[in-house]
Amino acid sequence: MTAEKRALLLVGSPRGIGHSTSDRLGSIVLDALKSRDVDTEKLHVHAAMDSPTALESALAAIGAADTVILSLPLYVDSFPAPVIAFLERIVQQRIGAGRARVFVIIQCGFPEKEQNATALAIAERFAAEAGWSWLGGVGLGAAEWQHKDVALALAPLAEAIANGTAVPQPVLRRAMPAWLYRFGGNVMWRLAARKHHATRSLRARPYDS
Ligand SMILES: Cc1cc2nc3c(=O)[nH]c(=O)nc-3n(C[C@H](O)[C@H](O)[C@H](O)COP(=O)(O)O)c2cc1C
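Residues numbered from 1 in each chain as written. Predicted model: local features only at pLDDT ≥ 70, side-chain atom pairs only at ≥ 80, totals over all residues. Heavy atoms only, no water.

Moving on, we get to helix α4 (residues 81-93). In a regular helix each residue adds 1.5 Å, so 13 residues correspond to 18 Å; α4 covers 19 Å between its end C-alpha atoms and thus fits that length. Where α4 is buried, its residues contact β1 (6-11), α2 (45-48), α3 (52-64), β3 (67-73) and α5 (117-130). Just beyond α4, the residue with positive phi is arginine 94, at close to 55°. (Helix = DSSP H or I, 4+ residues; strand = E, 2+ residues; numbered from the N terminus. Expected span 1.5 Å × (residues − 1). Contact = heavy atoms within 4.5 Å.)

Our next topic: the site of the ligand. As a structural note, the neighbourhood of the ligand is formed by 15 residues, with Ser13, Arg15, Ser22, Leu74 and Gln107 the closest of them. Residue glutamine 107 places a side-chain N or O atom 2.6 Å away from an oxygen atom belonging to the ligand. For the ligand, whose free accessible area comes to 650 Å², the fraction covered by protein is 74%. Secondary structure elements with two or more residues in the shell around the ligand: α1 (21-34) and β4 (101-108). Counted by class, the shell around the ligand contains 6 nonpolar, 6 polar and 3 charged residues. (Near = heavy atom within 4 Å. Polar contact = N/O pair within 3.5 Å; in protein donor to acceptor, adjacent residues only side chain to side chain. Areas by Shrake-Rupley, 256 points an atom, 1.4 Å probe, with all protein chains shown as cover. Nonpolar A, V, L, I, M, F, W, Y, C, P; charged D, E, K, R; others polar.)

Two pairing modes exist for strands in a sheet, parallel and antiparallel, and in both the strands are linked by backbone hydrogen bonds. With parallel pairing, the 5 strands of this open sheet are ordered in space as β2-β1-β3-β4-β5. Both edges of this open sheet fall to β2 (39-44) and β5 (133-141), since each of them pairs with a single strand only. In this sheet, adjacent strand axes meet at a mean angle of 15° when their direction is disregarded. Bridge count for β1 against β3 is 5 bridges, and the pairing is parallel. Pairing of valine 11 across the sheet is with serine 71, part of β3. Relative to β1, α1 is tilted by about 175°, and along the sheet it contacts β1, β2, β3, β4 and β5. This element, α5, spans β4 and β5 of the sheet and lies at about 165° to β5. (Pairing = 2+ DSSP bridges. Axes fitted to C-alpha atoms, helices over the stretch in contact; angles between N-to-C directions.)

Look at helix α8 (residues 178-195): 26 Å from first C-alpha to last across 18 residues, which is about the 26 Å you get at 1.5 Å a residue. At the exit of α8 stands histidine 197, carrying a positive phi of roughly 50°.

A word on the nonpolar core. Grouped together as the largest cluster of nonpolar side chains are 33 residues, with contacts concentrated most on Leu10, Ile62, Phe86, Ile90 and Trp132. At the level of secondary structure, the elements contributing two or more residues to this core comprise β1, α2, α3, β3, α4, β4 and α5. The element contributing the most residues to this core is α5, with 6 residues. In this structure, Leu25, Ala143, Ala162 and Val167 belong to the second largest nonpolar core, which totals 25 residues. (Core = buried A, V, L, I, M, F, W, Y, C linked by side-chain atoms within 4.5 Å. Buried < 20%, exposed > 50% of the residue type's maximum accessible area, 1.4 Å probe, protein only.)

Before going further, it helps to examine the side chain of serine 27. Relative to the helices and strands, serine 27 is located in helix α1. According to the relative accessible area criterion, serine 27 is buried, its value standing at 11%. In this structure the side chain of serine 27 is engaged in a polar contact, spanning 2.9 Å, whose partner is the side chain of lysine 42. Apart from the residues within four sequence positions on either side, serine 27 is in contact with Leu9 and Lys42.

Coordinates in, geometry out; function isn't part of it.
Below is the structure:
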């Protein structure tokens, strides 16, 4: 790939750049693209949706990119609402149609990567409606808790992304066994209940008749 190639990372978490798992994972791929002589840029979707000026300049950046990496958290089996609104604008205005290629990273709180299947299908549908080439996507479970393994699995994907070819699925170990997730989750709920003086209400069923 030559130096004129441009890749844009869209971070779709309200936690934003520098604070979100979406940024951390997307940046692994973006940095790997940079080391392959691709010009790179990063944008926060929620900030772009904050004002008409920010939105116009974000859409212009997308129009100038060959490759878009969309990295976002799973929200209720779908995308955060500002990301949906942003993607709808892209489709309406035909931004990048016939030119842009997209690779999607979706990660969720639960440990099973399969939780992301519906959202990945939504992303692929978006690509078809926008007229963008679909390079593929990856769904990760509990990526917040995995650092080294995820970095080792994601960075090599940049090769296919830079070449514009279908991206192979990374091989990743499951973040943690189910029993450990349940154990950790229960500990966290109990600590939160203690903090809010609600330990006795943990098993309350206020809507039971
Ligand atoms: C409003 C909301 C909805 C969520 N919905 C899901 C969900 O449906 N399934 C899931 O496994 N995790 C869900 N999560 C957890 C996030 O996907 C997870 O914490 C993610 O790592 C956050 O990434 P970020 O740091 O990039 O924002 C949800 C979190 C929030 C705040």
